Amino acid sequence: WLDGQLDSVPTDAAKRRVSYAEYLALERSGERKHEYVAGTIVAMAGGTIEHGRLASRLTALLSVALEGRPCAVLPADVRLRIRQADRSTYPDLHVVCGQVERDPDDEDAVVNPVVIVEVLSDSTAESDRGDKFADYRRLRSLKEYVLVSQRERRVDVYRRDGRRWVLDEHGRGEELRLESIDVSLAVDRVYVDGLGAIVE
């Protein structure tokens with residue numbers, strides 16, 4: 001267990017590796033969401049208002065763009081399982097096209113996203129760009145990984161190109177393209193919702 005704030009966790013559990021079945025039991029009984037990382041459980045912190053607005057805005061924009069097509073935009077309460085990395089997590093949103101595939105040990109976990117989107121925060125940016133991205137890359141289905149800044153109008157798209165991942169940066173006044181799902185979005189539209197600009 002990596003998070004000392006899990007009051008429901010017995011102290012002896014902190015001294016041993018936790019099974020995936022134990023992790024699932026915690027997820028089904030608890031109010032907070034947790035990540036599972038190779039036998040350890042990490043409580044996920046709540047997001048800022050700006051984080052929530054950006055995630056909601058992107059979910060709405062992608063849902064409209066993909067309407068009528070065989071793709072589903074899945075929100076942050078849908079778990080993603082990366083068996084190759086022994087990890088489960090909750091991306092801010094992910095897109096699955098075609099049949100949704102579930103983990104054989106976890107019927108509530110998706111295993112075949114085509115696109116994953118994370119809204120960067122001060123507490124998660126290092127992981128989102130580092131170890132979590134390394135684990136995401138082990139998903140054979142994943143074609144594009146999108147990182148959205150809360151501090152400036154900037155969206156980075158990492159795109160699979162054979163064995164390499166290529167970075168495509170987008171800023172104010174530009175348009176980002178998600179080739180794997182054939183969707184283009186103006187960066188400025190991502191950062192403006194019904195309440196006005198999220199980031200000026």
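Preceding block: the structure.
Because the structure is predicted, anything quoted here is derived from the model rather than measured.

**So, the overall build of the protein chain**
- When its secondary structure is counted, the protein chain shows five helices and 16 strands.
- In summary, the protein chain has a C-alpha radius of gyration of 17 Å against a globular reference of 16 Å for 200 residues, a match within 12%.
- Summarising its shape, the C-alpha atoms of the protein chain cover approximately 55 × 35 × 30 Å along the three principal directions.
- Taking all 200 residues of the protein chain together, the buried fraction comes to 48%.
- Put simply, 52% of the contacts in the protein chain that link residues at least 6 apart link residues at least 24 apart.
- Surface accessibility of the protein chain: about 10500 Å² in total, with carbon and sulfur atoms responsible for 47%.

**Topic: the nonpolar core**
- Ranked by size, the top nonpolar core spans 28 residues in total, and within it L62, V95, V148 and I181 carry the most contacts.
- Per element, the largest residue contribution to this core is five residues, and it comes from helix α2 (residues 49-65).
- Setting aside anything within four residues of it in sequence, one finds V95 in contact with L62, L66, C71, A72, V73, P113, V114, V115 and I181.
- Core analysis: the second largest hydrophobic core is formed by 13 residues, F133, L142, Y145 and W165 among them.

**Notes on the environment of S19**
- Inspection of the secondary structure assignment puts S19 in the segment before α1 (20-29).
- Here the alpha-carbon distance between S19 and R177, two residues 158 residues apart in the chain, equals 39 Å.

**Brief notes about the sheet that holds strand β11 (residues 154-161)**
- Across the sheet, which stays open at both edges, the six strands sit in the order β3-β6-β9-β10-β11-β12 with mixed pairing between neighbours. In the strand order of this sheet, the two ends are held by β3 (71-75) and β12 (164-171), each with one partner. Shown here is a sheet whose adjacent strand axes are inclined to one another by a mean of 15°, direction ignored.
- Strand contacts of α2: β3, β6 (93-97), β9 (115-119) and β10 (144-148), with the helix running at about 20° to β6, the strand carrying the most contacts.

What counts as what
- Residues numbered from 1 in each chain as written.
- Predicted model: local features only at pLDDT ≥ 70, side-chain atom pairs only at ≥ 80, totals over all residues.
- Heavy atoms only, no water.
- Helix = DSSP H or I, 4+ residues; strand = E, 2+ residues; numbered from the N terminus.
- Rg over C-alpha atoms; globule rule 2.2 N^0.38 Å.
- Buried < 20%, exposed > 50% of the residue type's maximum accessible area, 1.4 Å probe, protein only.
- Contact = heavy atoms within 4.5 Å.
- Areas by Shrake-Rupley, 256 points an atom, 1.4 Å probe, with all protein chains shown as cover.
- Core = buried A, V, L, I, M, F, W, Y, C linked by side-chain atoms within 4.5 Å.
- Pairing = 2+ DSSP bridges.
- Axes fitted to C-alpha atoms, helices over the stretch in contact; angles between N-to-C directions.

Any functional reading would require information beyond the geometric quantities listed.
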